[in-house]
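Commentary on secondary and tertiary structure
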Amino acid sequence: MIEDTAGGTPWVVELPEQAQPYDERFILVHEGKREEIHLHDYARVYSVPGLYEYVVQDLLQCKSPAVAVRATSAAAKELHLDIKTLRILDLGAGVGVVGELLHDAGVSAVVGLDNIVEARTACDRDRPTVYEDYIVGDLGRSDSALVERLAAGQFEVLMCVGAIGGGHVPPAAFIQAVNTLIGAALIVMTVHERWLEADSRDPFSATLHAMINEGYLEVLKSSSFRHRLDMAGAPITYRVLVLRRGAAVPADLASRSGA
Ligand SMILES: C[S@@+](CC[C@H](N)C(=O)[O-])C[C@H]1O[C@@H](n2cnc3c(N)ncnc32)[C@H](O)[C@@H]1O
C-alpha cells in the first residue's frame, strides 16, 4: 500500500496493490471518508482540484504531455515552422496539462476539446489562461456544428495525448478531427504500444494502420517511451507518433477497417 499526502491538500491518496495491474483504482481519503475512484472516472477525478495532477503526474510519473510537446517542438523545428504561431487543437484536453506546456513553449493559439464538461470546468478553475477556447463536444456523435466550428479554427496541429485507444476518443471521431485540419497538418499523439500492434483488439489500431497504409497519414516519427507507472508500480510503454496529414480520410474508413 502506498499512502501519501499531496503537499498541503486536505486529502490523502492510497494506491492499493493491485492483483490486476490494469484495474486502475485508487482510494481518496478525505474528511475521514474513504472513496474508491477509477482513474478513468474523469468527471470525479477532475472535480477535486489537483487530484488528477497528483495521481497521474506525481505518483504515477506520467511523461506523455512533456514527451508530446517536445516532439511537437522538434517536428516544427525540422519542418522550419515557428511553433509559437501554430494553431493547435488539443483533443482530449482534460484539465489542460498539455495546454499549459504548449503555453509555456510560447504557443498562443491552442484550443482544447474534451467530451465532458467537468474537464472544461476544471481547466477554467485551475488553468484559465492556457487555451484560446475550450470546447466541450464529442466528434463521435456526428455533430456537424462541432465539425464546422473546428474546421473554422484552421488548425495546423492536432494533439492527442493519452486520449486515443483504450476506450477514449473513438476511431471515427479521430478521423473527423483529422479531416477538420488544414493542409499538411501535423498530428502528434501518444498511444499505448499494445494498442498499436497489428493484432491488437483495440479498434483504434486497425483504423490507424489503414490510415497509414492507404496514405492518408505519413509517419514522421515513432518512438517508444515510459508513459507512466501502473497502480502496481510497473512501467507502461507508449509510443509518441508524429504524423503528417495527406488527403481527406473517407468517413467510412473506420468501419471498413473493422473498428
Ligand atoms: C487520460 S486523459 C488525458 C488528458 C490530457 N490530454 C493529459 O494528457 O493530461 C483523456 C481525456 O480524453 C477525454 N476523452 C475521452 N473520450 C473523448 C472523446 N470522445 N472526445 C473528446 N475527449 C475525450 C477524457 O474526458 C479525458 O479528459
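Description of the structure in this document. Worth saying up front: this structure is predicted, and the values here are computed from it rather than measured.

Another point: unusual backbone geometry. A positive phi angle, near 60 degrees, is found at His80, a position not held by glycine. Tracing the backbone through its elements, the reader meets His80 in the loop between helix H3 (64-78) and strand S5 (87-91). What makes His80 exposed here is its relative accessible area of 76%. The backbone phi angle of Gln154 is positive, close to 55 degrees, even though this residue is not glycine. With respect to the helices and strands, the residue Gln154 is situated in the loop between helix H6 (144-152) and strand S8 (157-161).

As a further point, take the side chain of His192. By the secondary structure assignment, His192 is in strand S9 (residues 186-192). Within polar-contact distance, the side chain of His192 engages the backbone nitrogen of Arg194 at 3.0 Å. Apart from residues no more than four positions distant in its own chain, His192 is found in contact with Ile236, Thr237 and Tyr238.

In terms of nonpolar packing, the biggest core is built from 88 residues, with Val13, Phe26, Leu51, Leu158, Met159, Phe174 and Met189 touching the most fellow members. The residue makeup of this core includes at least three contributed by each of domain 1 (2-59) and domain 2 (64-256). Those residues within four positions of Phe26 in sequence are excluded, and the remaining contacts are Val13, Glu14, Leu15, Pro16, Glu35, Glu36, Ile37, Leu39, Val45, Leu51, Val55 and Met231.

This next bit is on the state of the cysteines. Under the criterion given, the structure shown has 0 disulfides. For the unlinked cysteine Cys62, the closest cysteine sulfur is that of Cys160, found at 15 Å. Among the residues examined, Cys62 registers a relative accessible area of 10% and is labelled buried.

Counting across every chain of the model gives 7 aromatic pairs. Ring geometry for Phe225 and Tyr238: centres 6.5 Å apart, planes at 70 degrees, overall edge-to-face. Separated by 13 residues along the polypeptide, Phe225 in strand S10 (residues 217-229) and Tyr238 in strand S11 (residues 235-245) bring together distant segments of the chain. Across the pair, Tyr238 and Phe225 agree in class, each one buried. Clustering of aromatic rings is evident, with ring pairs tying together Tyr42, Tyr46 and Tyr52.

Here we take up the site of the ligand. In the neighbourhood of the ligand, 19 residues make up the surrounding shell, with Tyr42, Tyr46, Gly92, Asp114 and Val161 lying closest. A distance of 2.7 Å separates an oxygen atom of the ligand from a polar atom in the side chain of Tyr46. Contact between the ligand and Asn115: an oxygen atom at 3.3 Å from a side-chain N or O atom of the residue. Taken by itself the ligand offers 600 Å² of open surface, and the protein chains cover 93% of this. Put simply, the parts of the chain that give the shell around the ligand at least two residues each are helix H1 (42-47) and helix H4 (97-104). Class assignment for the residues of the shell around the ligand results in 12 nonpolar, 5 polar and 2 charged.

For sheets, the rule is that strands pair by backbone hydrogen bonds, running either parallel or antiparallel. Taken together, the 7 strands give an open sheet; going across it, the order is S7-S6-S5-S8-S9-S11-S10, and neighbouring strands pair in mixed fashion. Lying at the two open borders of the sheet, with one neighbouring strand each, are strand S7 (133-136) and S10. Here the strands of the sheet are splayed against their neighbours by 20 degrees on average, with no regard to which way each runs. Pairing of S9 with S11, which is carried by 7 bridges, proceeds in the antiparallel orientation. Each bridged residue has a counterpart across the sheet, and for Val188 the counterpart in S11 is Val242. Most of the contacts of helix H7 (residues 171-180) go to S8, to which it runs at about 155 degrees, and overall it touches S5, S8, S9, S10 and S11.

Cut-offs applied
Residues numbered from 1 in each chain as written. Predicted model: local features only at pLDDT ≥ 70, side-chain atom pairs only at ≥ 80, totals over all residues. Heavy atoms only, no water. Helix = DSSP H or I, 4+ residues; strand = E, 2+ residues; numbered from the N terminus. Buried < 20%, exposed > 50% of the residue type's maximum accessible area, 1.4 Å probe, protein only. Polar contact = N/O pair within 3.5 Å; in protein donor to acceptor, adjacent residues only side chain to side chain. Contact = heavy atoms within 4.5 Å. Core = buried A, V, L, I, M, F, W, Y, C linked by side-chain atoms within 4.5 Å. Domains from an automatic or database assignment. Disulfide = S-S within 2.5 Å. Phe/Tyr/Trp six-rings, centres within 6.5 Å; stacked < 30°, edge-to-face > 60°. Near = heavy atom within 4 Å. Areas by Shrake-Rupley, 256 points an atom, 1.4 Å probe, with all protein chains shown as cover. Nonpolar A, V, L, I, M, F, W, Y, C, P; charged D, E, K, R; others polar. Pairing = 2+ DSSP bridges. Axes fitted to C-alpha atoms, helices over the stretch in contact; angles between N-to-C directions.

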